[in-house]
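# Tertiary structure, described
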Amino acid sequence: MTSSSPALLPKKSAIAQHISRFGAFAVSPDAKPARLGALGAVLIAAGGLGAGSTRLHDPLLESLHLSWLRFGHGLVLSSALLWVGVALMLLAWLRLGRSVVDRTATEYTMNATTGFWLAPLLLSVPVFSRDTYSYLAQGALLRDGFDPYVVGPIDNPNSLLENVSPIWTTTTAPYGPAFILVAKFVTLVVGEDVVAGTMLLRLCMLPGLALLIWAAPRVARHIGANGAAALWICVLNPLVIIHLMGGVHNEMLMVGLMMAAIALTFNGHHFWGVSLIAVAVAVKATAGLALPFMVWVWTRDLRHRRGYGSVKAFSVATAASALIFVAVFAVLSLAAGVGLGWLTALAGSVKIINWLTLPTAAANLINVIGSLFVPVNFYAVLDVTRIMGIAVIAISLPLLWWRFRHTDREALVGIALVMGVVVLFVPAALPWYYTWPLAVIAALAQSRQSIAIIAGLSTWITVIWKPDGAHGMYSWPHVLLATACAAGAWYSLYRTPEVNKPDRGAVNKLRPRCGQQAIAWARRTTSRA
C-alpha cells in the first residue's frame, strides 16, 4: 500500500493545483463576467420552472406546491426572472467580448467561465425548445421495437407523447443512428420519467461541449488565430450555452464531433478525423458538409509527405475517406438496427415557417407587400422561393468545394461558407442551426468588426425566440426589441479599442501550426519596424 502511494502523489497534486487555480480565479477580478453570467444562469433555471418549455402536466411542481409559477401572476414572475437571467448572461458575454477584442482574454478564463455558466443550467428544465421531448419519444420508439425512421412517436402511445409538439408526433426521426442510440439509452435508463430523461439527455450532450472546448482553440491556433477568441465565439456564445445546452439540442454533439474531426485532420490524424466526421453525421447529417474539404487536406498531406502526384493523392484520399466513412456509419447503423430512412425525414423541416431563412423571409415579404396590390397565395409563393433556395444550395456547394481547396485556412473558409449557404437557403431553420457555421467561423472572424457583428447576430437570434419554444417574429414589438438589443450588443464591442494587429504578410510567411508564436513574432517585427 505504502509503496504505491508515491505514484499517486503527482496525480493528486495535479488535481489539487487545478482546484486551487480555479478557486483563485473564482475570487479574482477576471471572474466578474463568470459570476454575473452564473447569476443569470441561476435566474434562467428558476424562471424556467414556470416560463420554460415545461411539461403539460408537471407532478413534480405540484408536489412542491409550485404549480402557480406556470399561470397568471406566477407566469409573469417566472418570465421576468428568466428574461433577466438571459439579459445578465448576454451582458456577461459582451463584457468578456471586450477582453477578446483587446486581446487580454486567456483560454483558461474562457474555460473556467464556461463551468460557471453551465452548472446552473444542468438542473434547468428545457428552455427555448421542446425538442428534448421529441428526442425521448423517438428513443422510446427504438427501445420498444419500432423503427423511428418508419413511424412517428404517435404510434407508440405512452406518457412521453403528451409533451411532444403536435407537429412532430407524426413525423419520423430526422436524426442519425448514433443519436437514436443515445436517446434509446436514456429511455432504457429512466423509462418514461421526463425529468430524469431531460437531465440525463443533457449530460449526454456534455461530451460534445468538451470536444468543442478542446478543438476550437486548436483549430484557431493552427491557422494563426486566437484560441481564447474562438472559445468566446463558439462555446460561451448564448446560442450554445442557452440554446444548445439549456435547450438540450443534439447539435451540441454534432458540432463538437465535427470540430474535433477538423482539429485531428489538420494535425495529420486523417483516419480519426474521418471516423469522427462519420459519427457526427450519424448524429445529424449537416456534419457531412465538412468531409469533402477534409479530403483536400488529406490530399495535400499525401502530396507533401509521401510525394504523391495530384491525381493519385486525390484518388487515395477520396477512396480512403469513403471507405472509413462507410465502415463507421455501417457499424453504427447495425448497432441501432436501422437503415437510412432518416435521410428522407430531413424534409420534415418544411413544416417550419419563420423568417430565419431567406426563402421563407422572401415569401413573407412578397406576401405582405404584394397583398397591398393583388391577391397573393402565400404557400404557392413559399414553394417557389424554397425551390429557388434549394437550387442556390445545389449550385453553390460544389463551386465552393472546388474554390477553397488550396490551404487549411481555405478549407475552413469553405466549410463555413457551405454551412452558411445551407442555413440561409434551406426551406426552414431554427436558432440553433446557426451554431453549425459559428463553430468554424470562430477561427476565422476575430477582428473587432467581425466580433461585433457576431455579437449582434447572436443576440438577435437569442432574444427573438421565446422561452417556451415559440418565436416572436410575427410580433413587431418583439422584433423591435430584439433588434434594439442586437444593435446595442454590436455597438458595445464595435467601439472597444483593438490592439495593433500584426502585419498579415509577416504572419502568412510562417507555418500555420506556429499559432500564438507566429503572432507574437510578427508583433515584435512590426514594432521594431
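The notes below deal with the structure included here.

### Concerning helix H12 (residues 251-266)
For H12, with 16 residues, the first-to-last C-alpha span of 22 Å sits near the 22 Å given by 1.5 Å per residue. The buried count for H12 comes to 16 of 16 residues, which makes it a mostly enclosed element. Once H12 ends, the next one or two residues include Gly268, with phi positive near 90 degrees.

### Structural notes on the nonpolar core
In terms of nonpolar packing, the biggest core is built from 152 residues, with Met110, Trp117, Leu212, Trp232, Met258, Met259 and Ile262 touching the most fellow members. Here Leu212 is in contact with Pro217, Cys234, Val235, Met252, Val255, Gly256, Met259 and Ala439, once residues within four sequence places are set aside.

### Considerations on the packing of aromatic side chains
Overall, the coordinates contain 21 aromatic pairs when judged by the stated rule. Measuring from ring centre to ring centre gives 6.0 Å for Phe25 and Tyr108, while their planes differ by 90 degrees; the resulting arrangement is edge-to-face. Placement of Phe25 in helix H1 (residues 5-26) and of Tyr108 in helix H5 (residues 107-121) is noted, with a sequence separation of 83 residues between them. We classify Phe25 as buried; its relative accessible area is 6%. With 6.3 Å between their ring centres and 50 degrees between their planes, Phe314 and Trp401 make a pair best called tilted. Separated by 87 residues along the polypeptide, Phe314 in helix H15 (residues 310-336) and Trp401 in helix H18 (residues 378-403) bring together distant segments of the chain. Taken together, Phe22, Phe25, Tyr108 and Phe116 form an aromatic cluster joined through their ring pairs. Of note, Lys312 hangs over the ring of Tyr308, and the distance from its end group to the ring centre comes to 4.3 Å. Over the aromatic face of Phe404 sits the side chain of Arg403, whose NZ or CZ is 4.6 Å from the ring centroid.

### Concerning the pattern of salt bridges
Under the defined criterion, the tally for this structure stands at 7 salt bridges. The salt bridge partner of Glu251 is Lys284, with a shortest N-O separation of 2.4 Å. Here Glu251 is found in helix H12, whereas its partner Lys284 is found in the loop between helix H13 (270-281) and helix H14 (291-306), with 33 residues between them in sequence. Accessibility assignment for this pair places Glu251 and Lys284 in one class, buried. Among the salt bridges present, the one from Glu410 reaches Arg403, with a minimum N-O distance of 3.6 Å. Here the residues in one salt-bridge network are Arg143, Asp144 and Glu192, joined through shared partners.

Rules used throughout
- Residues numbered from 1 in each chain as written.
- Predicted model: local features only at pLDDT ≥ 70, side-chain atom pairs only at ≥ 80, totals over all residues.
- Heavy atoms only, no water.
- Helix = DSSP H or I, 4+ residues; strand = E, 2+ residues; numbered from the N terminus.
- Expected span 1.5 Å × (residues − 1).
- Buried < 20%, exposed > 50% of the residue type's maximum accessible area, 1.4 Å probe, protein only.
- Core = buried A, V, L, I, M, F, W, Y, C linked by side-chain atoms within 4.5 Å.
- Contact = heavy atoms within 4.5 Å.
- Phe/Tyr/Trp six-rings, centres within 6.5 Å; stacked < 30°, edge-to-face > 60°.
- Lys NZ or Arg CZ within 6 Å of the ring centre and 35° of its normal.
- Salt bridge = Lys/Arg side-chain N within 4 Å of Asp/Glu carboxyl O.

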